[in-house]
Amino acid sequence: MEGGMKCVKFLFFFFNFIFWLCGLALIIVGVVAKTAITKIPVIQELANTGSPIVIIVVGAVIFLIAFFGCCGAWKDNYCMVTTFVVLLSIIIIIEIGIAIGAYVLKGKLEDLPEKAVQDMMKNYTSNPDIQKGLDEIQQELKCCGAVNASDWVFYKSNNISVPDSCCKNVTLNCGDGALKDTNKIYIEGCGAALESLLKKNLLWVGVAALVIAFIEILGIVFACTLMAGIRKGYEVM
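Computed from a predicted structure; not experimentally measured.

Visitor: Looking at this model, I keep getting lost on helix α5 (residues 112-122). Mind explaining?
Guide: Listed as buried for α5 are Pro113, Ala116, Val117, Met120 and Met121. Projected onto a plane normal to the axis of α5, the buried residues spread over an arc of 140° and lie on a single side. Those residues of α5 that are exposed and angled more than 90 degrees off the buried face are Lys115 and Lys122.

Quick look at the structure:
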């Protein structure tokens, strides 16, 4: 019995290390997801109230939870291990909520990216910040316009020019007269490209939350086993 409890104790330590890595992973996923969706003003509102911020906070809290677990196991402290189980259970519930939230938010992104890009295009020449943001999007996602490059027909009076950021190789005035030059500019619209990027990020958010929640459930099982051993006074050192 003592050997079994010692094995549980070492496994508990191992899972706390995994929890630490999970916390780091959640912080990274949250930062990446938030960064990806804050480049567009309209979608930024979703980022400020949605899953990414919650994920970052949960990742930071996991560091503290891992501390309680390690200390409790090392000192055979029933109270600290119990605290670990309670806090981890709360985190699991939150992570399941994050996964559900990411799935729901994913379904609301059908038309939002395209409309957001169209709004940015309207203010492209009058707002330097929007111009910089849209230029970055078009270069990073290798796209042009909201639906396609022809959305920029209004850009200049000749009706055949696009911003330089639409060019495959950006040089000064490379977009002049290049609206229909498929060898020179990107044709795909940024709406579809951005929607694909956002859905991909939200999918990873949901998957990460569920996978980590499953790992943490195993940690709770080991913690409860260790608690039972401590309560019964088994020697686990």
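Visitor: When you look at unusual backbone geometry in this model, what are you seeing that I'm missing?
Guide: Leaving glycine out, the prevailing phi sign among residues is negative, and the prevailing peptide bond configuration is trans. One non-glycine residue, Lys142, lies in positive phi territory at about 55°. Residue position: Lys142 is located in the loop between α6 (128-140) and α7 (190-231). Positive phi, normally seen in glycine, also occurs at Asn173, with a value near 65°. Classification of Asn173 by relative accessible area gives partly exposed; the value is 42%.

Visitor: Got a minute to help me understand the state of the cysteines in this structure?
Guide: Here, the word disulfide means a covalent bond between the sulfur atoms of two cysteines. On inspection of all chains with the given rule, the structure shows three disulfides. What pairs with Cys143 in a disulfide is Cys190, and their sulfur atoms sit 2.0 Å apart. Its S-S torsion of about 95° marks the bond between Cys143 and Cys190 as right-handed, since a negative value means left-handed. Of this pair, Cys143 sits in the loop between α6 and α7 while Cys190 sits in helix α7, and the two are 47 residues apart along the sequence. For Cys190, a relative accessible area of 0% gives the class buried. Shown here is the disulfide that connects Cys144 with Cys166, its sulfur atoms set 2.1 Å apart. Taking the torsion about the sulfur-sulfur bond, which here is approximately 85°, the covalent link between Cys144 and Cys166 counts as right-handed.

Visitor: Is there a simple way to explain the packing of aromatic side chains in this structure?
Guide: For any pair of aromatic rings, the description rests on two quantities: the centre-to-centre distance and the angle between the ring planes. Scanning all chains against the criterion turns up four aromatic pairs. Between Tyr124 and Tyr155 the ring centres are 6.0 Å apart and the planes differ by 70°, which places this aromatic pair in the edge-to-face class. Taken together, the residues span a long stretch of sequence, with Tyr124 in the loop between α5 and α6 and Tyr155 in the loop between α6 and α7 at a distance of 31 residues. The exposure class assigned to Tyr124 is buried, which follows from its relative accessible area of 3%. Accessibility expressed as a relative area gives 23% for Tyr155, which makes it partly exposed. A connected cluster of aromatic rings, assembled from ring pairs, spans Tyr124, Trp152, Phe154 and Tyr155.

Visitor: What is the right way to read the environment of Gln118 from this model?
Guide: Tracing the sequence through the fold places Gln118 in helix α5. Linking Gln118 and Val147, residues 29 residues apart in sequence, is a C-alpha distance of 8.8 Å. Setting aside its immediate chain neighbours within four residues, Gln118 contacts Ala146 and Val147.

Visitor: Hey, could you run me through the pattern of salt bridges in this one?
Guide: Oppositely charged side chains can form a pair if their charged atoms are brought close together. In this structure the tally under the stated criterion is one salt bridge. Notably, a salt bridge pairs Asp176 with Lys156, separated by 2.7 Å at the nearest N-O pair. One end of the pair, Asp176, is in the loop between α6 and α7; the other, Lys156, is in the loop between α6 and α7, with 20 residues separating them in the sequence.

Visitor: What should I look at first to understand the nonpolar core in this one?
Guide: Buried together is how nonpolar side chains tend to be arranged in soluble globular proteins. Membership of the largest hydrophobic core comes to 25 residues, with the highest contact counts inside it found for Phe19 and Phe84. Looking at this core, the elements with two or more residues in it are α1 (2-37), α3 (51-75), α4 (78-107) and α7. Take this core: its biggest share by element is eight residues, from α7. When residues no more than four places from it in sequence are discounted, the contact partners of Phe84 are Phe12, Asn16, Phe19, Ile65, Phe68, Gly69, Gly219 and Ala223. Among the nonpolar cores identified, the runner-up in size contains 24 residues, and Cys144, Cys166, Cys190 and Leu198 belong to it.

Visitor: Looking at this structure, how should I read a nonpolar patch on the surface?
Guide: Nonpolar side chains collect at one region of the surface, where Phe17, Trp20, Leu21, Leu24 and Ile28 lie side by side and expose about 450 Å² of accessible area between them. On the secondary structure map, Leu21 appears in helix α1.

Visitor: What should I look at first to understand α6 in this one?
Guide: One turn of an α-helix holds 3.6 residues; hence residues three or four places apart share an orientation. End to end, α6 covers 18 Å across 13 residues, agreeing with the expected 18 Å (1.5 Å per residue, within 8%). Trailing α6 by a residue or two, Lys142 shows a phi angle of about 55°, which is positive.

Visitor: Is there a simple way to think about the environment of Cys167 in this case?
Guide: One can find Cys167 in the loop between α6 and α7. Taking the relative accessible area as the measure of exposure, Cys167 reaches 0% and is therefore buried. Through-space distance from the C-alpha of Cys167 to that of Tyr186 is 6.3 Å; in sequence the pair is 19 residues apart.

Rules used in this analysis
- Along each chain, the written sequence defines residue order, and numbers are assigned to residues from 1.
- Restriction of local features to residues with pLDDT of at least 70 applies here, the model being predicted, together with a cutoff of 80 or more for giving and counting side-chain atom pairs; totals for whole chains, interfaces and linings are based on all residues.
- Remark: hydrogens and water are excluded; side-chain values derive from all non-hydrogen atoms of the structure.
- Each residue's exposure class comes from its accessible area (1.4 Å probe, protein chains only) as a fraction of the maximum for that residue type: buried when under 20%, exposed when over 50%, partly exposed otherwise.
- Numbered from the N terminus, helices here are DSSP runs of H or I no shorter than four residues, and strands are runs of E no shorter than two.
- As used here, the arc belongs to the directions running from the helix axis to the C-beta atoms.
- For this text, the term disulfide refers to a pair of cysteine sulfurs within 2.5 Å.
- Pairs were defined over the aromatic rings of Phe, Tyr and Trp, the Trp ring being its six-membered one, requiring ring centres within 6.5 Å. Orientation was assigned from the angle between planes: stacked under 30 degrees, edge-to-face over 60, tilted for the rest.
- Contact between two residues is taken to exist if any of their heavy atoms lie within 4.5 Å; hydrogens are not considered.
- By definition here, a salt bridge exists when the distance from a side-chain nitrogen of Lys or Arg to a carboxyl oxygen of Asp or Glu is within 4 Å.
- We define a nonpolar core as any set of buried Ala, Val, Leu, Ile, Met, Phe, Trp, Tyr and Cys residues linked to one another through side-chain atoms lying within 4.5 Å.
- Patch membership is restricted to residues that have no salt bridge and whose relative accessible area is over 30%. Joining uses 9 Å for like charges and 5 Å for the nonpolar side chains Val, Leu, Ile, Met, Phe, Trp and Tyr.
- For accessible areas, the Shrake-Rupley method is used with a probe of radius 1.4 Å. Any residue's cover is judged against the shown protein chains and nothing else.
- Here the expected span of a helix is defined as 1.5 Å times the quantity of residues minus one.

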